[in-house]
Amino acid sequence: APMASAADSTPLPSDVEPEGPAPIAGQPAAGRIDDFESGAPANTEGWTEYWGETAGTDIACAPADDSPRSGSSALRVDFSVPSGSWATCILSFWEAQDWSASPGVLIPLRAERAGTPYTVLLYAGPAENQESYISYQDTPTDSVDGWAMVEIPWGTFRRVDWEAEAGTPFAKSDQVIGIGFGFDGPDSGTLAGTVWVDDLSLIGTETAVLPASEPEAESRGGGLPCPGATALAVLLPAIFFLGRRRE
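Residues numbered from 1 in each chain as written. Predicted model: local features only at pLDDT ≥ 70, side-chain atom pairs only at ≥ 80, totals over all residues. Heavy atoms only, no water.

Undergrad: Help me get a handle on the side chain of Ser-102, residues and values and all.
TA: By the element assignment, Ser-102 lies in the loop between strand 5 (86–97) and strand 6 (104–111). Residue classification places Ser-102 among the buried residues on the basis of a relative accessible area of 3%. For Ser-102, the side chain forms a polar contact with the main-chain oxygen of Gly-104, separated by 2.9 Å. (Helix = DSSP H or I, 4+ residues; strand = E, 2+ residues; numbered from the N terminus. Buried < 20%, exposed > 50% of the residue type's maximum accessible area, 1.4 Å probe, protein only. Polar contact = N/O pair within 3.5 Å; in protein donor to acceptor, adjacent residues only side chain to side chain.)

Undergrad: Residue-level account of the pairing of strand 8 (residues 131–138), with values.
TA: Counted residue by residue, strand 8 has seven buried out of eight residues, so it is predominantly covered. Summarising the sheet, strand 7 (residues 117–124) and strand 8 pair through eight bridges and their orientation is antiparallel. By the bridge assignment for strand 8, Val-120 is matched with Ser-135. Linking strand 7 back to strand 8 in an antiparallel pair, the connection comprises six residues. Summarising the sheet, strand 8 and strand 10 (residues 158–159) pair through two bridges and their orientation is antiparallel. Bridging across to strand 10, Ile-134 finds its partner in Arg-158. (Pairing = 2+ DSSP bridges.)

Undergrad: So what about the pattern of salt bridges? Which residues, and what values?
TA: Where side chains of opposite charge bring their charged atoms close, a pairing between them can arise. This structure, assessed with the given rule, holds eight salt bridges. A salt bridge links Glu-163 to Arg-159; its shortest N-O distance comes to 2.6 Å. Neither Glu-163 nor Arg-159 differs from the other in exposure class; each is buried. Each of the salt bridges in this network shares a partner with another, and the network as a whole consists of Glu-131, Arg-159, Glu-163 and Lys-172. (Salt bridge = Lys/Arg side-chain N within 4 Å of Asp/Glu carboxyl O.)

Undergrad: Give a description of unusual backbone geometry that names residues and reports values.
TA: Cis geometry marks the peptide bond from Gly-125 to Pro-126, where omega comes out at 5°. On the secondary structure map, Pro-126 appears in the loop between strand 7 and strand 8. The residue Asn-43 is not glycine, and still its phi comes out positive at about 65°. In this structure, Asn-43 sits in the loop between strand 1 (32–34) and strand 2 (44–51). A positive phi angle, close to 55°, is found at Glu-165, a residue other than glycine. Topologically, Glu-165 is positioned in the loop between strand 10 and strand 11 (176–184). Here Glu-165 falls in the exposed class, since its relative accessible area comes to 59%.

Undergrad: I'd love a proper account of the nonpolar core, names of residues and values included.
TA: Ranked by size, the top nonpolar core spans 39 residues in total, and within it Trp-47, Ile-107, Ile-179 and Leu-200 carry the most contacts. Residue contacts for Leu-200: discarding those within four places in its chain leaves Arg-32, Ile-33, Asp-34, Phe-36, Trp-47, Val-105, Leu-106, Ile-107, Pro-108, Ile-179 and Phe-181. (Core = buried A, V, L, I, M, F, W, Y, C linked by side-chain atoms within 4.5 Å. Contact = heavy atoms within 4.5 Å.)

This is the structure:
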């Protein structure tokens, strides 16, 4: 969340109300990215699904009222991803967001099952020279019977393998042009399930607990594991042409 500047040391007259800090351009109010209550967040078209061409691949993500953490709805993501395929749910911003006052992203998460691999994706601008970053995660045990408060610091995100400076930590939190969630097919069979996200925020705006352990990035693919077909899902400026968009 934005840090307020220090108050002026000169006392205000008793009949004058102090002014709050001016909002920062591109910064979500109170560090909230999306509460899934009031339609698409400002400067976006809302969450959009993309998926690979492999038969049987499907994903649907939209606010639903079946399992909210607060308010009346949460983002529900249903996915079915066979081996060799991928699926993502992306929120793209028309203008770059400045999230640099926070050390990372906070994801209140609920899941159908524990141990489901997923990825969190970040995109940094400018759009004509975008950079793509990924953090590998598993749904934690406490996300099954309740809401797990998952903190992901910026330094956990790494540049994807098929871009320049692959593996470098994310360091452009003042130039965010997109955030999303990804799922990748396993070595065999199909990865399928449902997860819910609510009150997606920046770290520092709510109390959160880190997952018990963090998976190794090398142990699996996640939502966007390697170049080739899956790389198409990462290319935000070209995603409307390279990926399949659900109408």
